[in-house]
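# Understanding the architecture of this molecule
Below, each chain spelled out in residue letters.
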Amino acid sequence: PNPATDILNISYGFNTTSTHVSLLNITGQTIYESSQMVKTIDLSNFSKGIYFLRISSNGESCVKKVYKL
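Figured I'd write up the structure that's included with this text. All figures in this text were calculated on a predicted structure; none of them were measured in a lab.

What counts, and at which threshold
Residues numbered from 1 in each chain as written. Predicted model: local features only at pLDDT ≥ 70, side-chain atom pairs only at ≥ 80, totals over all residues. Heavy atoms only, no water. Pairing = 2+ DSSP bridges. Helix = DSSP H or I, 4+ residues; strand = E, 2+ residues; numbered from the N terminus. Axes fitted to C-alpha atoms, helices over the stretch in contact; angles between N-to-C directions. Core = buried A, V, L, I, M, F, W, Y, C linked by side-chain atoms within 4.5 Å. Buried < 20%, exposed > 50% of the residue type's maximum accessible area, 1.4 Å probe, protein only. Contact = heavy atoms within 4.5 Å.

### Remarks on the sheet that holds strand β2 (residues 19-24)
- The antiparallel open sheet is built from four strands, whose spatial order is β3-β2-β5-β6. Strands at the two margins of the open sheet, each flanked by one partner only, are β3 (30-34) and β6 (60-68). Across the sheet, the axes of successive neighbouring strands diverge by a mean angle of 20 degrees, strand direction being ignored.
- Strand direction decides the pairing type here: β2 and β3, joined by four bridges, are antiparallel. Bridging from a neighbouring strand, Val-21 pairs with Ser-34 of β3.

Below, the structure is given as structure tokens:
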């Protein structure tokens, strides 16, 4: 759900092994990174605020705004 409190669930519209997932803070600093498809990200150690989830696969990328409450 977005906004999220402790756990961010990720749903993909594709199935491939070459996927890169990263979470960036409002200043653009990468605070989480994975080189594989992850289903959840634990946000419990992050401060409340706005983050950006970036998913890259097969030369394309998508960025979504995430609110942590």
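### Digging into the nonpolar core
- Core analysis: the largest hydrophobic core is formed by 13 residues, its most contacted members being Leu-8, Ile-10, Val-21, Ile-41 and Leu-53.
- Only β2 and β5 (49-57) provide two or more residues apiece to this core.
- A total of three residues in this core trace back to one element, the largest contributor, which is β5.
- Setting aside residues up to four positions removed in sequence, Ile-41 forms contacts with Asp-6, Ile-7, Leu-8, Ile-10, Val-21, Tyr-32 and Leu-53.

Bear in mind that shape data such as this cannot, by itself, settle questions of function.
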